[in-house]
Amino acid sequence: MKKNTQHIIDSFGRTHNYLRISLTEKCNLRCFYCMPLEGVTHREAEKFMTTEEVVGIAKEFVKRGVTKIRLTGGEPLVKKGADEIIRELGKLSVTLSLTTNGILVDRFIEVFKEAGITSINVSLDSLQEDRFNAISRRSHFQKIRDNIQLLLDEGFGVKINVVLIKGTNDDEIVDFVQWSVREKISVQFIEFMPFDGNSWNRDKTVSEAEIITTLEDRFGAKNLIKLEDAAHSTSRNFKIDGALGTFGIISTVTNPFCDTCNRIRLTADGKIKNCLFSNDEADLLNAYRNGDELSPIINVAMHNKKAGLGGLKQLDNETINQHENRSMITIGG
Ligand code: SF4
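Residues numbered from 1 in each chain as written. Predicted model: local features only at pLDDT ≥ 70, side-chain atom pairs only at ≥ 80, totals over all residues. Heavy atoms only, no water.

Participant: What's the story with the overall build of the chain in this structure? I'm lost.
Facilitator: For the chain, the helix and strand inventory stands at 10 helices and 12 strands. Its C-alpha atoms give the chain a radius of gyration of 19 Å, near enough to 20 Å, the size a compact globule of 333 residues would have. For the chain, restricting intrachain contacts to residue pairs at least 6 apart in sequence, the fraction spanning at least 24 positions comes to 73%. As displayed, the chain offers around 14,500 Å² of accessible surface, 49% of which is attributable to carbon and sulfur atoms. Each charge sign in the chain was given a centre, from 44 positive and 46 negative side chains, and these centres are 3 Å apart. (Helix = DSSP H or I, 4+ residues; strand = E, 2+ residues; numbered from the N terminus. Rg over C-alpha atoms; globule rule 2.2 N^0.38 Å. Contact = heavy atoms within 4.5 Å. Areas by Shrake-Rupley, 256 points an atom, 1.4 Å probe, with all protein chains shown as cover. Lys, Arg positive; Asp, Glu negative; His and termini not counted. Charge placed at Lys NZ, Arg CZ, Asp CG, Glu CD.)

Participant: Help me understand the environment of N321, please; the structure alone is not making it clear to me.
Facilitator: One can find N321 in helix α10 (residues 317-321). Taking the C-alpha atoms as reference points, N321 and P194, separated by 127 residues in sequence, lie 9.6 Å from one another.

Participant: It is not clear to me how the pattern of salt bridges should be interpreted in this structure. Could you clarify?
Facilitator: Think of it this way: side chains of opposite charge can pair up when their charged atoms draw near. A complete count under the given rule lists 22 salt bridges for this structure. Salt-bridge contacts for R289 lead to E53; the nearest nitrogen and oxygen are separated by 2.8 Å. Here R289 is found in helix α8 (residues 285-289), whereas its partner E53 is found in helix α1 (residues 51-63), with 236 residues between them in sequence. The salt bridge involving R131 is made with E172; its shortest N-O contact spans 2.7 Å. Of this pair, R131 sits in helix α4 (residues 129-136) while E172 sits in the loop between β5 (157-164) and α6 (173-182), and the two are 41 residues apart along the sequence. Three or more residues are tied together by salt bridges with common partners; here these are E25, R43, D269, K271, K273, E281 and R326. (Salt bridge = Lys/Arg side-chain N within 4 Å of Asp/Glu carboxyl O.)

Participant: So what exactly am I meant to see when it comes to the site of the ligand here?
Facilitator: All residues adjacent to the ligand are F257, C258, C261, R263, R265, C275, L276, F277, K305 and L309. Tallied by class, residues from the shell around the ligand come to 7 nonpolar, no polar and 3 charged. (Near = heavy atom within 4 Å. Nonpolar A, V, L, I, M, F, W, Y, C, P; charged D, E, K, R; others polar.)

Participant: Could you clarify how one ought to interpret the pairing of strand β8 (residues 236-240) in this entry?
Facilitator: Regular strands show a simple pattern: their side chains alternate between the two faces of the sheet. One ladder, built from 3 bridges, connects strand β7 (residues 224-226) with β8; its direction is antiparallel. Looking at the pairing, I225 lines up with K239 of β8. Bridge count for β8 against strand β9 (residues 246-250) is 3 bridges, and the pairing is antiparallel. In the sheet register, N237 faces β9, and the bridge partner there is G248. Counted along the chain from β8 to the antiparallel partner β9, the turn is 5 residues long, and its residue G242 has a positive phi close to 90°. (Pairing = 2+ DSSP bridges.)

Participant: Sorry, what's going on with the sheet that holds β9 here?
Facilitator: To summarise the sheet geometry, strands pair through backbone hydrogen bonds and adopt either a parallel or an antiparallel arrangement. Spatially, 12 strands are ordered β7-β8-β9-β6-β5-β4-β3-β2-β1-β10-β11-β12 in an open sheet, and the strand pairing comes out mixed. Pairing within the sheet leaves two strands with one partner each, and these edge strands are β7 and β12 (281-283). For this sheet, the mean angle separating the axes of adjacent strands, direction not counted, is 25°. Pairing of strand β10 (residues 263-266) with strand β11 (residues 271-273) involves 2 bridges; the strand directions are antiparallel. Looking at β11, one finds that R265 is bridged to K273. (Axes fitted to C-alpha atoms, helices over the stretch in contact; angles between N-to-C directions.)

Participant: Where do I start with helix α5 (residues 141-153) in this structure?
Facilitator: Helical geometry: 3.6 residues make up each α-helical turn, so side chains three or four residues apart lie on a common side. For α5, which comprises 13 residues, the first-to-last C-alpha distance of 18 Å matches the rise-based estimate of 18 Å (1.5 Å per residue) to within 8%. Residues of α5 that are buried: F141, I144, N147, I148, L151 and L152. The buried residues of α5 all sit within an arc of 145° when viewed along its axis, so they share a single face. Elements that come into contact with the buried residues of α5 comprise α3 (109-114), β4 (119-123), α4, β5 and α6. G155 sits one or two residues past α5 and shows a positive phi near 90°. (Expected span 1.5 Å × (residues − 1). Buried < 20%, exposed > 50% of the residue type's maximum accessible area, 1.4 Å probe, protein only. Arc of directions from axis to C-beta.)

Participant: Sorry, what's going on with the packing of α4 against α5 here?
Facilitator: Helix-helix packing is characterised by the crossing angle of the two axes and by the distance between the axes. At a minimum axis separation of 9 Å, α4 and α5 run at an interaxial angle of 105°. Between α4 and α5, the angle falls in the class roughly perpendicular. Packed against α4, whose contacting residues are E129, F132 and N133, the element α5 presents F141, Q142 and I144 at the interface. Residues of the contact of α4 with α5, tallied by class, amount to 3 nonpolar, 2 polar and 1 charged. (Parallel < 35°, antiparallel > 145°, perpendicular 65-115°, else oblique.)

Participant: Mind showing me how you'd approach helix α7 (residues 208-219) here?
Facilitator: Under the 1.5 Å per step criterion, the end-to-end length of α7 is 16 Å for 12 residues, consistent within 8% with the ideal 16 Å. Turning to α7, its buried residues are E208, I211, I212, L215 and F219. Taken end-on, α7 shows its buried residues confined to a sector of 95°, consistent with a single buried face. Turned more than 90 degrees away from the buried face of α7 sit A209 and D217, all of them exposed. Those residues of α7 that are buried lie in contact with β5, α6, β6 (186-191), β7, β8 and β9.

Written out as structure tokens, the structure reads:
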């Protein structure tokens with residue numbers, strides 16, 4: 001296989017060095033905005049990347065200049081061999097991180113340390129147990145809270161991912177930010193996004209502007225400090241004056257940030273997805289299994305990447321009703 005160090009640059013000149021790998025379409029939660037009510041179609045195991053294939057394909061991307069890898073799912077930690085994958089990816093010259101629902105975290109603390117993982121995103125959409133159970137259709141609230149505390153006690157950086165949905169949990173914006181005042185965490189408010197089977201409606205999206213207004217009313221505008229955002233950051237970050245932690249807003253729907261996009265997605269069934277909303281995918285898994293070169297496929301897939309939103313002009317009901325995409329659980333966010 002010929003060595004190829006050429007970076008992955010799309011036709012808009014964006015360099016892609018951040019790979020998000022979905023390890024599995026399985027999960028031990030059933031969040032209604034992610035897992036369609038009818039679940040996901042069961043497919044045979046051989047349709048999905050094995051441990052070796054995840055690591056092998058990731059290595060090909062690292063040869064092409066990928067320097068950051070995030071593991072997602074479904075729930076990445078339910079993947080058989082997740083510990084081995086994390087250890088092996090930890091040996092590559094990348095920043096490795098993970099987005100998890102937190103339920104199994106206590107079993108992986110040593111694996112995370114061995115792999116050099118220092119920061120972890122934990123999804124928690126409510127601070128109210130009953131409401132959390134209603135959103136996730138399971139009852140693991142306390143376990144997740146305990147594991148978040150365990151991660152903090154073990155010295156990991158912790159980001160709390162909160163998908164804000166109008167009429168579901170938007171009355172907890174202040175509570176989450178107050179948590180960031182008293183704890184060294186980073187709360188990430190994520191605008192509710194349209195995916196297959198999640199009954200998305202633009203009216204249910206809580207915009208960045210609404211979040212800021214709510215917080216200004218509670219904390220006073222002068223106490224909301226805008227922080228500098230890292231290059232390619234998907235979130236706009238802030239802190240309350242004097243707080244231990246911070247909060248950020250990921251506004252894909254109302255304020256997309258595609259100009260600086262550096263993200264590539266690899267789905268659990270080994271497809272390269274050049275954008276969260278693009279339904280134009282290319283198969284890397286079968287090419288890898290046939291011993292074919294992956295670079296030509298990666299090049300074409302990334303060359304076809306649209307300027308933004310997978311080629312959609314905006315994310316509104318009319319547009320989305322005509323757009324086919326995967327469910328969130330089969331992309332990994
Ligand atoms: S919508 Fe697509 S192009 Fe825009 S930031 Fe997300 S992945 Fe990148």
